[in-house]
Amino acid sequence: MAALNWSSDGKEMFDKIMAIVPEAMQEAVKPMLFGFIEKRAAGKTVTAEIVSAMVQNDLPEPQRSGIMQALGMKKPEEHAAAEPAASPPPFTPQWQGKSERMFEQMLQEVPEALRAVFRGKLMEILRQKCKGGAVIENYVTEIVQEIVPEPFKSKILKKFSEIGEVDISVIDSIIERFGTSQENLTYILHETQESIGYLPPEALRAISNKTGIFLSTVYNVATFYKAFRLEPPGEHHVKVCNGTACHLKDRDGIVREIEQMVTSASSKKVSHEKTLCLGCCDCAPAVMIDGEISTGVDARKKIKQLLA
Ligand code: FES
């Protein structure tokens, strides 16, 4: 490839584009962009105009729209005062199988700044693929195979194969109820856990993608509060009261003994969590096993039987 002769504005624009591309992808993307630019410049100095024409004409979707939006570039049709085209009816995908979780996983690989644009463009591709029918897993896989360069394609396809069986479709209605503000994140996480039973990675990713809250923030909140579970609950679930009355009445340390029994058990049959007052201070130290309150000594006996 011949060395390119850059003007200062051309180089500045190119550097801005590279800053949007995730670091891990830059090595793969740079030669491709150089190839496009070299062809357009045809031996002349590479100006911002040439780089801009490359973005608008040579990049595939959704990368083109994502970069144009991030750089504040207008689409050619936005320059003209033409009649606005009728927008298509809203697309409400009928997700089938793991297709929604795969879609959210794919989006998670897109840089934060481009994610909203990519979501819209990828939804449009899905709409065309499913032609009014359900969104099956194959359509999402096809998109990855068609538009994602290696080595990211293989990485995403591998992550698809690791997605579990949890149904996260309930998250849409939860976010509809609470909105996308970060202030409501704990409510969203709480409701999601109530519906799914715990907070699997795909649920955290979907919450991040759909609200626009950074995944690191969602993860930090989910791990900060003890009330949130990142692991599926066991066949039996034990809530150990951490309230003041129970703490004061537990002179024999039964609560700690129960916690040790459950955490050191080799099977995952019984899961547990610490809670605030269970509303039954008369039974202190109170323990709830599968929704039923027991006092400490009784609870210890029951849990021993469950673990046997
Ligand atoms: S403090 Fe434990 S039930 Fe109230």
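Calculation notes
- The residue numbering used here restarts from 1 in each chain and proceeds along that chain's sequence as written.
- Where local features are concerned, this predicted model is filtered to residues with pLDDT of at least 70; where side-chain atom pairs are given and counted, the filter is 80 or more; whole-chain, interface and lining totals use all residues.
- Only hydrogens and water are set aside when side-chain values are computed; all heavy atoms of the structure are taken into account.
- By definition, any uninterrupted DSSP run of H or I lasting at least four residues is a helix, any uninterrupted run of E lasting at least two residues is a strand, and each is numbered from the N terminus.
- Note on method: radius of gyration uses C-alpha positions; expected globular size equals 2.2 Å times residues raised to 0.38.
- For each residue, the accessible area found with a 1.4 Å probe, counting protein chains only, is set against the maximum for its type, and the residue is called buried under 20%, exposed over 50%, and partly exposed in between.
- Per-residue and other accessible areas were derived by the Shrake-Rupley procedure at a 1.4 Å probe size, with only the shown protein chains allowed to occlude residues.
- Only four residue types enter the charge count: Lys and Arg as positive, Asp and Glu as negative, with His and the chain ends excluded.
- Think of each charge as sitting on NZ of Lys, CZ of Arg, CG of Asp or CD of Glu.
- Note: domain ranges come from an automatic or database domain assignment.
- DSSP calls a pair of strands paired once it identifies at least 2 bridges connecting them.
- Only the contacting stretch of a helix is used when fitting its axis, a line to C-alpha atoms as for every element, and angles between N-to-C directions run 0 to 180 degrees.
- Whether two residues are in contact is decided by their heavy atoms, any of which lying within 4.5 Å being enough.
- Any angle between 65 and 115 degrees counts as roughly perpendicular, while under 35 counts as roughly parallel, over 145 as roughly antiparallel, and the rest as oblique.
- Take the far helix as your reference; a near helix turned counterclockwise from it by less than a right angle gives a left-handed crossing, and one turned clockwise gives a right-handed crossing.

All right, on to the overall build of the chain then. Scanning the chain from terminus to terminus reveals 16 helices and 4 strands. For 308 residues, the compact-globule estimate of 2.2 N^0.38 gives 19 Å, and the chain exceeds it by more than 25% at 26 Å. Considered along the principal axes of its C-alpha atoms, the chain spans approximately 85 × 40 × 35 Å. Within the chain, the proportion of its 308 residues that are buried is 41%. For the chain, the exposed surface amounts to about 17400 Å²; the carbon and sulfur share of it is 52%. The average position of the 37 basic charges and that of the 41 acidic charges among the side chains of the chain differ by 3 Å.

Another aspect to go through is the domain arrangement of the chain. Reports often express the size of an interface as the amount of accessible area lost when the parts come together. Split into domains, the chain comes out as domain 1 (8-79), domain 2 (99-158), domain 3 (170-224) and domain 4 (236-307). Look at where the C-alpha atoms of domain 1 and domain 4 centre, and you get two points 60 Å apart.

Moving on, we get to the sheet that holds strand S1 (residues 236-241). With respect to topology, 4 strands assemble into an open sheet ordered S2-S1-S3-S4, the strand pairing being mixed. Bordering the open sheet on either side are strand S2 (270-275) and strand S4 (292-295), each of which pairs with just one other strand. Averaged over all pairs of adjacent strands, the angle between strand axes in this sheet comes to 25°, irrespective of strand direction. Where strand S3 (residues 286-289) meets S4, 4 bridges bridge the pair, whose relative direction is antiparallel. Paired with Met-288 across the bridge in S4 is Ile-293. Docked against the sheet, helix H15 (residues 254-264) engages S1, S2 and S3, running at close to 145° with respect to S2.

Before going further, it helps to spend a moment on the environment of Val-110. With respect to the element layout, Val-110 can be found in the loop between helix H6 (99-108) and helix H7 (115-130). Taking C-alpha positions, Val-110 is 9.9 Å from Gln-63, a pair spaced 47 residues apart along the chain. Setting aside anything within four residues of it in sequence, one finds Val-110 in contact with Arg-115 and Phe-118.

This part takes up the packing of H7 against helix H8 (residues 137-147). Running from N to C, H7 and H8 point in directions that differ by 120°, and their axes come no closer than 10 Å. Between H7 and H8, the crossing angle belongs to the class labelled oblique. At the point where H7 passes H8, the crossing takes the right-handed sense. Two secondary-structure elements touch here, H7 through Leu-122, Ile-125, Leu-126, Lys-129 and Cys-130 and H8 through Tyr-139, Val-140, Glu-142, Ile-143, Glu-146 and Ile-147.

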